[in-house]
Structure formats: C-alpha cells, structure tokens
Amino acid sequence: MEKVIEVKNLKKKYKDNEALRGLDFDLYKGEILGILGPNGAGKSTTINILSTILKKDEGKILYFGEEISERNINKIKSKLGIVPQDLAIFEDISAYKNITFFASLYGLKGEELEKATDYALEFAGLTSRKNDKPKTYSGGMKRRLNIACSIAHKPEILILDEPTVGIDPQSRNHILEDLKALKSNGTTIIYTTHYMEEIEQIADRVVIVDNGKKVEEGTIGELLDKYSEENLESLFLDITGKNLRD
Ligand code: ADP
Ligand code: MG
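Residues numbered from 1 in each chain as written. Chains lettered and ligands numbered in written order. Predicted model: local features only at pLDDT ≥ 70, side-chain atom pairs only at ≥ 80, totals over all residues. Heavy atoms only, no water.

Asks: Just to check I follow, could you spell out the coordination of the magnesium ion (ligand 2) for this structure?
Replies: Protein-derived ligands of the magnesium ion (ligand 2) are Ser44 (OG) and Gln85 (OE1), with the metal-ligand distances lying across 2.1 to 2.3 Å. Taken together, the positions of Ser44 in helix H1 (residues 43–50) and Gln85 in the loop between strand S5 (80–83) and helix H3 (95–105) put the pair 41 residues apart, joining distant regions of the chain. We classify Ser44 as partly exposed; its relative accessible area is 22%. Residue Gln85 is classed as partly exposed on the basis of its relative accessible area, which comes to 31%. (Donors = N, O, S within 2.8 Å, 3.2 Å for Na, K, Ca; no water. Helix = DSSP H or I, 4+ residues; strand = E, 2+ residues; numbered from the N terminus. Buried < 20%, exposed > 50% of the residue type's maximum accessible area, 1.4 Å probe, protein only.)

This is the structure in structure tokens:
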C-alpha cells in the first residue's frame, strides 16, 4: 500500500513540556486513519505540525515520499485540506464568501472557484443557507462550514482535528457520513478524536496515542483480538491504565 504521509520519531516541546516524545505512524492512501487519545495526548500538536502551521523540534515527516522544502511546499500544501480544532471561519460574512475566500487561497479563481464553492456547499448540506452569516448557524452547521472551507479545492489528504466536538448527534452523523463519502471518492483522511464510537464508526485503522507517544496501532478488529477486549474503551484502559473520558 502506498504511504502518503510518514511520521518518524516526531518530537515537540513547549518550554519544558514534552508534548510529542518520538511519535511514529504512517498514513496509507485511501484510508481513514483515526488518532485516538485523551486530552493532552498530543493530537493537536501532531495535526498542527502535519498541517505545517507548527514547527517540529525533531523527527521526519514525508509527504508523498518527500520532506517539505522551499521547492515543494506549495505543491504539497495544495494537496492538503486542514480542519483545525477551533473553528476557522468568519462569523460575519456569508457561508458562500467564507468558502470562496479559503478556496481562493489555494489558487482557485473565476468559474472554477464558483464550481468549487457550489460543490463544497452542497457537500456540507448548506446550499439553502449559503447567503446567511455563520453567526446565525447552529454549532453543527458551523462545523460543517469549517469542513466545507477545507475541501473546496479537493485535497488529496484531509486532516481533521476533533471536528465533531460539542455538536448535536445529527450534525455529528452528517459529518461522519460526509467523511465516508469523501473517502469513497478517493480522499485520504486523518482524523483525531477522543470519541471511541467515532473511530468504530468510520476509521479503517487507529493509532492510539498517550503522553506524546504511540501506544498501539492497527485495525480495530486486530487490537480487540490482541487484547481479548470487546470494545475500544476497555482496550484503551488495558493499554494505558487510563479511562478515555477522564
Ligand atoms: P490534545 O490535542 O491531544 O489534547 P495537545 O497537542 O493540544 O493535545 O497538547 C499536548 C500537550 O502540550 C499538553 O500537555 C498541552 O497542555 C501542551 N500544549 C499544547 N499546546 C501548547 C502551547 N501552545 N503551549 C504550551 N503547552 C501546550
Ligand atoms: Mg486537541
């Protein structure tokens, strides 16, 4: 299987706080990879480094087999879609304009930009509300708009950081179904969460992180077999001695 991202021995400190202590994992083309871990495990730090928003201290990241350099950074970034943990949308301008703004950062313009915006609105189920400002939206609709802004340019790899925190079950399901649909259209997805149910619902594979390191990796079936457990919750407790909901 083709590796589209390889993370090797990734380290990051904030002053004395070692957020990542040598994290390793691979992302395979076409899969949905779940990064599961409790608060403070290092998920956002990992995602922010992968997104090139944050600098790593040590380690190596390969995108499509290459390390990022001045020569390839624009090409690589154009293949990524980033959905940050905190909403990155403008509350006071219409959903339509939000999407065109972000899509234009990826170089789309003219008719191509209009088509991309319509596609993203339709995808997120927001077409009928496209002229409304996000400040009039529910939390779930804002989350869906946040995702729409990051997929209009049809990224090869979509990177999401806890995209379903604090929203109603209906919006959550909508988002999870959207991610599955993107996957069936060929998008590779990496997704962090501390909700085991979501991993069970959509992930092909899971990397379990705790204290800035990988503690396990595999398909859910493989891991449950290995630890003779029936669900991810007790599996997590087995491996880390911690409750995911602490
Ligand atoms: P997660 O997303 O899994 O909750 P984070 O990557 O946000 O974990 O955090 C990992 C560790 O790094 C935590 O101990 C957190 O307190 C710390 N941390 C995260 N961001 C910062 C920051 N900007 N400055 C200092 N410490 C941080
Ligand atoms: Mg986080």
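Asks: I would appreciate a short explanation of a nonpolar patch on the surface in the present structure.
Replies: A grouping of Phe90, Ile93, Phe101, Leu105 and Tyr106 is seen on the molecular surface, where their side chains present a nonpolar patch of about 430 Å² in accessible area. One can find Tyr106 in the loop between H3 and helix H4 (110–123). (Patch = residues over 30% accessible without salt bridge, like charges linked within 9 Å, V, L, I, M, F, W, Y side chains within 5 Å. Areas by Shrake-Rupley, 256 points an atom, 1.4 Å probe, with all protein chains shown as cover. Salt bridge = Lys/Arg side-chain N within 4 Å of Asp/Glu carboxyl O.)

Asks: Help me understand the site of ligand 1 in this model?
Replies: Neighbouring ligand 1 are the residues Tyr14, Asn17, Ala19, Pro38, Asn39, Gly40, Ala41, Gly42, Lys43, Ser44 and Thr45. At 3.2 Å from an oxygen atom of ligand 1 is found a main-chain nitrogen or oxygen belonging to Ala41. Within the backbone of Ser44, an N or O atom sits 2.8 Å from an oxygen atom of ligand 1. Bound to the protein, ligand 1 loses 59% of the 560 Å² it would expose on its own. For the shell around ligand 1, the element with the highest residue contribution is H1, accounting for three residues. Here the shell around ligand 1 is built from residues that sort into four nonpolar, six polar and one charged. (Near = heavy atom within 4 Å. Polar contact = N/O pair within 3.5 Å; in protein donor to acceptor, adjacent residues only side chain to side chain. Nonpolar A, V, L, I, M, F, W, Y, C, P; charged D, E, K, R; others polar.)

Asks: Before we go on, may I ask you to explain the sheet that holds strand S2 (residues 17–28) in this structure?
Replies: Two modes of strand pairing occur in sheets, parallel and antiparallel, and in both the strands are linked by backbone hydrogen bonds. Spatial strand order, S2-S1-S4: three strands in an open sheet with antiparallel pairing. Of all strands in the sheet, those with a lone pairing partner are S2 and strand S4 (58–63), marking the two edges. The sheet shows a mean angle of 15 degrees between the axes of neighbouring strands, taken without regard to direction. With nine bridges joining them, strand S1 (residues 3–14) and S2 adopt antiparallel strand pairing. (Pairing = 2+ DSSP bridges. Axes fitted to C-alpha atoms, helices over the stretch in contact; angles between N-to-C directions.)

Asks: Can you help me understand the pairing of S1 in this one?
Replies: One face of the sheet, then the other: side chains in a regular strand alternate in exactly this way. Taking the residues between adjacent antiparallel strands as the criterion, S1 and S2 are bridged by two residues, where Lys15 takes a positive phi near 50 degrees. As paired strands, S1 and S4 are joined by five bridges and run antiparallel to one another. For Val7, the partnering residue across the bridge sits in S4 and is Ile61.

Asks: Even after reading the chapter, I still don't get the nonpolar core, so can you show me in this structure?
Replies: Nonpolar side chains in soluble globular proteins generally cluster together in the buried interior. Counting residues in hydrophobic clusters, the biggest one holds 33 residues, and the most contacted among them are Ile99, Leu145, Leu158, Leu160, Leu179 and Ile189. When near neighbours in sequence (up to four residues on either side) are disregarded, Leu145 contacts Ile89, Ala95, Asn98, Ile99, Leu126, Pro134 and Tyr137. Ala41, Ile76, Ile159 and Val209 belong to the second largest nonpolar core, which has 24 residues in total. (Core = buried A, V, L, I, M, F, W, Y, C linked by side-chain atoms within 4.5 Å. Contact = heavy atoms within 4.5 Å.)

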